[in-house]
Amino acid sequence: MEIIITPDPAAASHLAARRIARLIREKPDAVLGLATGSTPVTLYKELIRMHREGGLDFSRVSTFNLDEYLGLAPDHAASYHRFMEENFFQGVNIPRGNIRLPDGLAKDVPAHCADYEQEIRDAGGIDLQVLGIGSDGHIGFNEHGSSLASRTRIKTLTERTREDNARFFDKLEDVPHHVITMGIGTIMESRSVVLLAFGAGKADAVAGAAEGPITASNPASILQMHPDAKFYLDEPSAGALERAEYYKWVFKNKPAWQADQ
Ligand code: GLP
C-alpha cells in the first residue's frame, strides 16, 4: 500500500490521472473499474482533458462500474448510469458496448450479479480499479460488516451512507435503501487499485483503512492485503494518519525509475 499525500484534490487527481493514462498507453485495451461520488469528478475531468488535448485514446478501453442503486432507471437524475454519462463517458471515446454498470432495474438480481462477475472475468479481469471511500470506510457500497470475500450482490445501505448521499437526491426519503455493488473480493482481484479521498470528513476512514486493523468494520482496510493499492489524498483527508511524515518522505525520495508508477 502506498500513501500519497498531496496539497489538494487537484494535485491528487492529476497524479491519479497520469497513472491511468500510463496504463492505457501501455495497454490500449485496459479494463478500468470506475467509481462515482464527488471525489473522482476531478480525475474524470483530467482524463477528458488528456483525451481532448493529449490524444489519450480510450477506443479500446472497457469499463465496469462498482455499483448502482436498485430501482433507479439509467436516466434517473441520481442514477450512477447518469452520473457516469455526464461526468466521464460523454467526454471520452469509450465505445458504448465496452461500458458496463450494474442494472438498477434488474428483475433477477442474483442472476444479474452472477452475470456481472462473469462479464468481468470474460474481459480478462479489471486492470485498475478507481475507488472513493465512504466516511465510514466503505468501498463501492460494501457497508460495515460486508464479507471481505464478497462478490457482486445486493446490499442494504446504512442510514449514514443514505444521509451522505442524500445531496444527489431531492430529499433523504428518495435515497434507495438497496443497491447492487461489486463485492470486496471482486475489488481485491483487480490488478491495481487507485483510491482517492479528500476532505477532513474522510480522515478517520482513511486512517483506519491505512493504519488500523484489517476489519469488516472498515471495509477499505482490506486494501492492506492488496499487492498494488495506492491512496491519493489531500492534506485534510490525511489528517489522522500517524505516519504521514514518513509517507511524504517516501514519496519525495523515490528512486527516479519508480517515480511515475
Ligand atoms: C458512495 C459510492 C462510493 C463512494 C462514496 C463516497 O457510497 N458508492 O463509491 O466512494 O459514495 O462518495 P463521495 O466521493 O461523494 O464522498
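Below, the structure is looked at part by part. (Residues numbered from 1 in each chain as written. Predicted model: local features only at pLDDT ≥ 70, side-chain atom pairs only at ≥ 80, totals over all residues. Heavy atoms only, no water.)

## Considerations on the nonpolar core
Working step 1: If you look at the biggest cluster of nonpolar residues, it comprises 79 residues, and the most contacted ones within it are Tyr44, Leu47, Phe88 and Leu241.
Working step 2: Considering each element in turn, this core owes the most residues, 8 residues, to helix α1 (residues 9-26).
Working step 3: With residues near it in sequence (within four places) discarded, Leu47 still touches Ala17, Ile20, Leu56, Phe58, Phe88 and Val92. (Core = buried A, V, L, I, M, F, W, Y, C linked by side-chain atoms within 4.5 Å. Buried < 20%, exposed > 50% of the residue type's maximum accessible area, 1.4 Å probe, protein only. Helix = DSSP H or I, 4+ residues; strand = E, 2+ residues; numbered from the N terminus. Contact = heavy atoms within 4.5 Å.)

## Looking at the packing of α1 against helix α2 (residues 41-54)
Working step 1: Running from N to C, α1 and α2 cross one another at 50°; their axes reach a closest spacing of 8 Å. In terms of orientation, α1 and α2 fall into the oblique class. The hand of the α1/α2 crossing is right-handed. For the pair formed by α1 and α2, the contact residues are Ala10, Ser13, His14, Ala16, Ala17, Arg18, Ile20, Ala21 and Arg25 on the first element and Thr42, Leu43, Glu46, Leu47, Met50 and Gly54 on the second.
Working step 2: Across the contact of α1 with α2, the residue classes break down as 8 nonpolar, 4 polar and 3 charged. (Axes fitted to C-alpha atoms, helices over the stretch in contact; angles between N-to-C directions. Parallel < 35°, antiparallel > 145°, perpendicular 65-115°, else oblique. Left-handed = near helix turned anticlockwise from the far one by under 90°. Nonpolar A, V, L, I, M, F, W, Y, C, P; charged D, E, K, R; others polar.)

## Details of the sheet that holds strand β8 (residues 178-181)
Working step 1: Judged by pairing direction, the sheet is antiparallel, and its 3 strands sit side by side in the order β4-β8-β7 without closing on themselves. Because the sheet does not close on itself, it has two edges, and the strands there are β4 (67-69) and β7 (153-156). Averaged over all pairs of adjacent strands, the angle between their axes in this sheet comes to 30°, without regard to strand direction.
Working step 2: Two elements, β4 and β8, share 3 bridges in a ladder whose sense is antiparallel. Within the sheet, the bridge partner assigned to Tyr69 lies in β8 and is Val179. (Pairing = 2+ DSSP bridges.)

## Notes on the side chain of Asp127
Working step 1: Tracing the backbone shows Asp127 in the loop between α4 (109-122) and β6 (128-131).
Working step 2: Accessibility expressed as a relative area gives 6% for Asp127, which makes it buried.
Working step 3: At 2.9 Å, the side chain of Asp127 and the side chain of Arg191 are in polar contact. (Polar contact = N/O pair within 3.5 Å; in protein donor to acceptor, adjacent residues only side chain to side chain.)

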